[in-house]
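The primary structure of each chain is shown beneath.
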Amino acid sequence: MKRSKPTDSSSKPKPPSPKRQTLGELQDLQRLMAKTVMRPLTPAAKMNPCWTDGTPTRNVVAGFIKPNDRLTAFERLQLYNRQYWFRLLDCFYEDYPGLRAVLGERKFTRLAREYFSACPSASFTMRNLGQFLVHFIESHPKLVAPENQLALDMARLEWAHIEAFDNAAETPITPDDMLDADPQSLRLGLQPYLTLLRLNYPLDDFLIAVRRDQGLRHEASNAMENQRKRLPNKFKNFQRSKTIYLAVHRHRNSVFYKRLRADQFALLTALREGSPLEKAFAKAVESGSAARFQPKQITKWFQDWSALGWFCHRVEAKSK
Amino acid sequence: MPANRFNAFTDYGVGIGLRIPHYKHIFEKKPVVDWFEIISENFMCDGGRPLEMLDKILEQYRVVQHGVSMYFGSAEKLNREHLKKLKQLVKRTQTPWVSDHLCWGSVDGRYTHDLLPMPYTFAAAKVTAQKIRETRDFLEVPIAVENVSSYAEFHVSEMTEWEFLTEVVERADCGILLDVNNIYVSSFNHGFDPFHYLNNIPAERVAQIHIAGHSKYRKYILDTHDHPVIDPVWKLYARALQLAGKTATLLEWDDHIPSFDEVHHEALKANRFIQQTETAIA
Ligand SMILES: [Fe+2]
């Protein structure tokens, strides 16, 4: 037989236990707090006093954060708001010294603020903070005007540097592996760490100098630094428009910028896009350097690129 | 309790965080260090210099993985791709246990890259513990969760921080990475007794201890990991050892990082307290 709980008629009625938070409420609370923490700071690096709907932010924040005897709820959350922005900006400063040099501090900081407001981090690692930057600059030209093309080129180059630093390296294909292959059907992959760039400004030497000057990512760029013992002010030519072709890659775990000829760039780009070897040659010829396009020379190129480990099996081929 | 099931029955001594400015010294001088703690995320890449450096370290040193982005306390589900990457690293390092923080930091796929404080509610404890269990089952190594330092508290909280920590680790049946500096920082920011905190957590679950320095301002303390450990934090450390026994200990120094020797010397001060504890037990 079930026994009923003893009743205590002498005790006062207990206050109803406070309503417990649900999982949905937890998620709503985290959304609200994240929104507050990620909102842009004022020019004085304070939390914005005005909420998105025009009401005072302090009222919104006081709704979910407790004050203490020294700080208001607003002041407490402001610590997180400031930390969020300082952390992102620090990382952005470190990853994009070239863009900062091109745009100047004020414009760079404004770009960063607008960029992170529109494209908050979508990755567990801050390494990927800049993954949408090139696209963002393309769609927000006013933020970098009048240095539009220069800024875009630099953002591309600096993202390629990040990719070269720690992207995967597949098992390289050697020239021997290619010997018996049919050029009509052979499709080569290029290493994931290799980026091919066509730039409108000769930014490679300039960026090397800027990075050396700022001592950034020293563990990645020693090799480049050793090549160029010059000061940034000797690289003023970067602002004169001139098309260059670059392979941004990694060799023995150091990042390098290797200049390419237009036909080399066309050939490698065609390979990356999946053209078989023979078709890629044809595209390189179309790029306008046919006169200098000798078989002996092509063999030399492939030897050099293979020695650098640039070729690998194509990912689709591997997955098949 | 020098070893327990939350640190895979290891008996690690006093370690320091592996930081890039110290690489040169480590590779050239090969100093004797009990173990290094690595930030998992710094090595969850696909190739290049970071993994080369890690492999060199692993040839000579014991490494334990400490993460900053699992966000066990986020209301969302675990990210399977992230876990797969983490497991690859676990296999590489052979870490005896994996630690991360009792916090949240991402929502709807957007990351704050911060260790945000939890509302201390039963719903939060339940979802957090569930994710810790899932992570442990996937990684196949013990998990220890670290108490974070915090600057804000929620109206909605239903218990104290130490009650929440206890609720989570007991539900998850996991270990604790006890950060005594974080307890000190939060005790100042929220006005509680740090020893009361220590005395009210399940000490038998402590897998590892963190010590660190911080920055004190007039109205609050920021957990900056850029100073030596202050005396009140050493006192908390001594109490933690009394309660938990000799435990793997790690000094965190993440900003304005001094020379390797200076950091290591600061960490080794912990040995004095460990010896006192062992003497007292003997
Ligand atoms: Fe810690």
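Owing to the predicted nature of the structure, the values given are computational and were not obtained by experimental measurement.

A. Molecular detail of the interface of chain B and chain A. Taken together, the 51 residues of chain B in the interface contact 48 residues of chain A. Of the roughly 4,400 Å² buried between chain B and chain A on both sides combined, carbon and sulfur atoms contribute 60%. Our enumeration of links across chain B and chain A arrives at three salt bridges. Of the charged contacts in the structure, one is a salt bridge between arginine 31 of chain A and aspartate 108 of chain B, with a shortest N-O distance of 2.6 Å. Looking at the side of chain B that touches chain A, the elements with two or more residues in it are α2 (49–60), α3 (80–93), β5 (104–107), β6 (110–116), α4 (122–139) and α6 (180–190) of chain B. Take the side of chain B that touches chain A: its biggest share by element is seven residues, from β6 of chain B.

B. Molecular detail of the sheet that holds strand β2 (residues 195–199) of chain A. All names here are of chain A. Spatially, three strands are ordered β2-β3-β4 in an open sheet, and the strand pairing comes out antiparallel. Of all strands in the sheet, those bounded by a partner on one side alone are β2 and β4 (254–260). The mean inter-strand angle of the sheet, taken between neighbouring strand axes irrespective of direction, is 25°. Strand direction decides the pairing type here: strand β3 (residues 244–251) and β4, joined by seven bridges, are antiparallel. Each residue of the ladder has a partner; that of alanine 247, found in β4, is lysine 258. Strands β2, β3 and β4 of the sheet are contacted by helix α7 (residues 148–166), whose axis makes an angle of about 20° with β3.

C. α4 of chain B, seen in detail. Given a rise of 1.5 Å per residue, 18 residues ought to cover 26 Å, and the 26 Å separating the end C-alpha atoms of α4 of chain B matches this to within 8%. If you check which residues of α4 of chain B are buried, you get Ala123, Ala124, Ala125, Val127, Thr128, Ala129, Lys131, Ile132, Thr135, Arg136 and Leu139 of chain B. Close packing links the buried residues of α4 of chain B with α1 (23–38) of chain A together with α3, β4 (98–101), β7 (143–146) and α5 (161–172) of chain B. Directly beyond the C-terminal end of α4 of chain B, a positive phi value near 60° is found at glutamate 140 of chain B.

Conventions and cut-offs
- Residues numbered from 1 in each chain as written.
- Chains lettered and ligands numbered in written order.
- Predicted model: local features only at pLDDT ≥ 70, side-chain atom pairs only at ≥ 80, totals over all residues.
- Heavy atoms only, no water.
- Contact = heavy atoms within 4.5 Å.
- Buried area = accessible area lost by both parts, 1.4 Å probe.
- Salt bridge = Lys/Arg side-chain N within 4 Å of Asp/Glu carboxyl O.
- Helix = DSSP H or I, 4+ residues; strand = E, 2+ residues; numbered from the N terminus.
- Pairing = 2+ DSSP bridges.
- Axes fitted to C-alpha atoms, helices over the stretch in contact; angles between N-to-C directions.
- Expected span 1.5 Å × (residues − 1).
- Buried < 20%, exposed > 50% of the residue type's maximum accessible area, 1.4 Å probe, protein only.

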